[in-house]
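# Architecture at a glance
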Amino acid sequence: MGGAVVKAVQAAGLEEKEEVRKPVLAGEVEKSIALGRSGLIRNQKKAAVNLCRLAKDSDRVRRQIVDEGGILPLVQMCRSKSQEVQLLAFLTMGQLAMTNVNRIKMLENGAVAPLLEGLKHKKYEVRSASVFALGNM
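Residues numbered from 1 in each chain as written. Predicted model: local features only at pLDDT ≥ 70, side-chain atom pairs only at ≥ 80, totals over all residues. Heavy atoms only, no water.

## As for the overall build of the protein chain
Of regular secondary structure, the protein chain possesses nine helices and zero strands. Order of helices (α) and strands (β) in the protein chain, N terminus to C terminus: α-α-α-α-α-α-α-α-α. Counting the 137 residues in the protein chain, one finds 38% classified as buried. The contacts of the protein chain with a sequence gap of at least 6 include a subset with a gap of at least 24, amounting to 67%. About 8100 Å² of surface is accessible on the protein chain, with carbon and sulfur atoms providing 56% of the total. (Helix = DSSP H or I, 4+ residues; strand = E, 2+ residues; numbered from the N terminus. Buried < 20%, exposed > 50% of the residue type's maximum accessible area, 1.4 Å probe, protein only. Contact = heavy atoms within 4.5 Å. Areas by Shrake-Rupley, 256 points an atom, 1.4 Å probe, with all protein chains shown as cover.)

This is the structure:
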């Protein structure tokens, strides 16, 4: 591409930017799960942001989130009063479902019911995230 075209694409935000991943620190999964159990929306938001980021890392980290009890707080966050927390919880559940061994544990821990409820959500982004998660199940 010519220089002018590249600059136009960059200015329009059409060029895909490579996501910079932070390393998963020791204790980060446990801390995020504990925050997710909180009833405070700001703590749930921090947990949802962290868990969503962590779940994108690898199968090992996705299994760790599930093995350390991350499903129940995520189910709780799917029913949060905050739409942002709900969206991040659905996206995280979709990421977790990408790992085969997690699917059974998600079914056993009641993850499907909130995902189905998410299909009826008034916000399109939340419905899309719910579809993403169900599609990975």
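## Brief notes about the packing of helix α4 (residues 59–67) against helix α7 (residues 100–108)
Two numbers describe how α4 lies on α7: the axes approach to 9 Å, and their chain directions differ by 20 degrees. One way to sum up the angle between α4 and α7 is to call them roughly parallel. Considering only the axes of α4 and α7, their crossing is left-handed. For the pair α4 and α7, contact is made by Arg62, Arg63, Val66 and Asp67 and by Val101, Asn102 and Lys105, respectively. (Axes fitted to C-alpha atoms, helices over the stretch in contact; angles between N-to-C directions. Parallel < 35°, antiparallel > 145°, perpendicular 65-115°, else oblique. Left-handed = near helix turned anticlockwise from the far one by under 90°.)

## Regarding the nonpolar core
Formed by 30 residues in total, the largest nonpolar core has its most connected members in Ile65, Leu74, Met77, Met93, Leu96 and Met106. Listed by contribution, the elements that provide at least two residues to this core are α2 (28–36), α3 (41–55), α4, α5 (71–78), α6 (83–96) and α9 (124–136). Dropping the residues within four chain positions of it, Leu74 is found in contact with Leu51, Ala89, Thr92, Met93 and Leu96. (Core = buried A, V, L, I, M, F, W, Y, C linked by side-chain atoms within 4.5 Å.)

## Describing α3
With 15 residues, α3 ought to run about 21 Å at 1.5 Å a step, and its terminal C-alpha atoms sit 20 Å apart, in line with that. When α3 is considered as a whole, its buried residues turn out to be Asn43, Gln44, Ala47, Ala48, Leu51, Cys52, Leu54 and Ala55. Angularly, the buried residues of α3 cover 160 degrees about the axis, an arc narrow enough to put them on a single face. Those residues of α3 hidden inside the fold are in contact with α2, α4, α5 and α6. (Expected span 1.5 Å × (residues − 1). Arc of directions from axis to C-beta.)

## Structural notes on the pattern of salt bridges
All told, the structure shown has five salt bridges when counted by the stated rule. Between Glu117 and Arg79 there is a salt bridge, with its nearest N and O atoms 3.4 Å apart. Separated by 38 residues along the polypeptide, Glu117 in helix α8 (residues 112–118) and Arg79 in the loop between α5 and α6 bring together distant segments of the chain. (Salt bridge = Lys/Arg side-chain N within 4 Å of Asp/Glu carboxyl O.)

## Points about the environment of Met77
Within the fold, Met77 resides in helix α5. Sequence-distant contacts of Met77, defined by excluding residues within four places in its chain, comprise Gly36, Gln44, Ala47, Ala48, Leu51, Val85, Gln86 and Ala89.

## Some details on the side chain of Ser130
Residue placement: Ser130 occurs in helix α9. The contacts of Ser130, once residues within four sequence positions are left out, are Phe90, Leu115, Leu116, Gly118 and Leu119.

## Brief notes about a nonpolar patch on the surface
The grouping of Leu116, Leu119 and Val131 at the surface amounts to a nonpolar patch, some 250 Å² of accessible area in total. Note that Leu116 resides in helix α8. (Patch = residues over 30% accessible without salt bridge, like charges linked within 9 Å, V, L, I, M, F, W, Y side chains within 5 Å.)

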